[in-house]
Amino acid sequence: MQIELRNLMEELVFQRLDEILASEQSDVCRCESCRMDIAAVALNELPSRYVVTQRGATYSKAEVLQIQRYVDVVAAVNKAVNLVRKNPRHEPNN
Ligand SMILES: [Zn+2]
């Protein structure tokens, strides 16, 4: 059996981040550099939540809900989006 160590929080952050980036209301830069910067800022604010799973397995809803009860992933990602939008690492409209 192949097992792996994954940070569940990382997947939650990317899920939420990609929802924001997919919505047309947001004017945040969608380049890979900004996407990674946003994720890094948000993840530094949030506790990590490592789980051991079988390779390729998906998380149970219970695991995800448990995390959401204790930390506000949405708020952390929104904050990170605003920060990177105001201070992109590259010139505007790059
Ligand atoms: Zn960018």
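Presented here is an overview of the structure given in this document. (Residues numbered from 1 in each chain as written. Predicted model: local features only at pLDDT ≥ 70, side-chain atom pairs only at ≥ 80, totals over all residues. Heavy atoms only, no water.)

The next thing to look at is the coordination of the zinc ion. Each protein donor to the zinc ion is listed here as C29 (SG), C31 (SG), C34 (SG) and H90 (NE2); together their distances run 2.0 to 2.3 Å. Going along the chain, you hit the donors of the zinc ion in the pattern C-x1-C-x2-C-x55-H. According to the relative accessible area criterion, C31 is partly exposed, its value standing at 25%. (Donors = N, O, S within 2.8 Å, 3.2 Å for Na, K, Ca; no water. Buried < 20%, exposed > 50% of the residue type's maximum accessible area, 1.4 Å probe, protein only.)

Next up on the list: the side chain of D37. Structurally, D37 can be placed in helix 2 (residues 32-45). Here the side chain of D37 touches R89 through a polar contact of 2.4 Å, side chain to side chain. When neighbours within four sequence positions are excluded, D37 is seen to be in contact with V84 and R89. (Helix = DSSP H or I, 4+ residues; strand = E, 2+ residues; numbered from the N terminus. Polar contact = N/O pair within 3.5 Å; in protein donor to acceptor, adjacent residues only side chain to side chain. Contact = heavy atoms within 4.5 Å.)

Turning our eyes to something else, we now look at the pairing of strand 2 (residues 50-54). Residues V51 and T53 of strand 2 are buried on one face, while the alternating residues Y50, V52 and Q54, pointing to the opposite face, are not. Where strand 1 (residues 3-7) lies against strand 2, five bridges are found, and the strand directions are antiparallel. Note on strand 2: the bridge partner recorded for L5 is V52. (Pairing = 2+ DSSP bridges.)

Relative placement of two packed helices is described by the angle separating their axes and the distance separating the axes. Two numbers describe how helix 1 (residues 8-22) lies on helix 2: the axes approach to 10 Å, and their chain directions differ by 135 degrees. Viewed along their axes, helix 1 and helix 2 adopt a mutual orientation that is oblique. Between helix 1 and helix 2 lies a crossing of right-handed hand. Taking contact as the criterion, the partners of M9, E10, V13, F14, L17, D18 and L21 in helix 1 are, on helix 2, R35, M36, I38, A39, A42 and L43. Within the contact of helix 1 with helix 2, the residues separate by chemical class into ten nonpolar, no polar and three charged. (Axes fitted to C-alpha atoms, helices over the stretch in contact; angles between N-to-C directions. Parallel < 35°, antiparallel > 145°, perpendicular 65-115°, else oblique. Left-handed = near helix turned anticlockwise from the far one by under 90°. Nonpolar A, V, L, I, M, F, W, Y, C, P; charged D, E, K, R; others polar.)

Let's shift gears to the environment of V13. With respect to the helices and strands, V13 occurs in helix 1. Given a relative accessible area of 0%, V13 falls into the buried group. Sequence spacing of V13 and V77 is 64 residues, and the spatial spacing of their C-alpha atoms is 6.7 Å.

Turning our attention to a nonpolar patch on the surface. A surface patch of nonpolar side chains, amounting to about 640 Å² of accessible area, comprises M1, I3, L5, Y50 and V52. When residues of the nonpolar patch are traced back to their parent elements, those giving at least two are strand 1 and strand 2. With respect to the secondary-structure elements, L5 resides in strand 1. (Patch = residues over 30% accessible without salt bridge, like charges linked within 9 Å, V, L, I, M, F, W, Y side chains within 5 Å. Areas by Shrake-Rupley, 256 points an atom, 1.4 Å probe, with all protein chains shown as cover. Salt bridge = Lys/Arg side-chain N within 4 Å of Asp/Glu carboxyl O.)

With that settled, consider the pattern of salt bridges. Evaluated as defined, the whole model comprises nine salt bridges. In this structure, the salt-bridge partner of E45 is K79, at a minimum N-O distance of 3.2 Å. Within this pair, whereas E45 is found in helix 2, its partner K79 is found in helix 4 (residues 73-86), the two being separated by 34 residues in sequence. Each of E4, R6, E11 and R55 takes part in salt bridges that share partners, so that together they form one network.

Distances and angles like these do not, on their own, reveal function.
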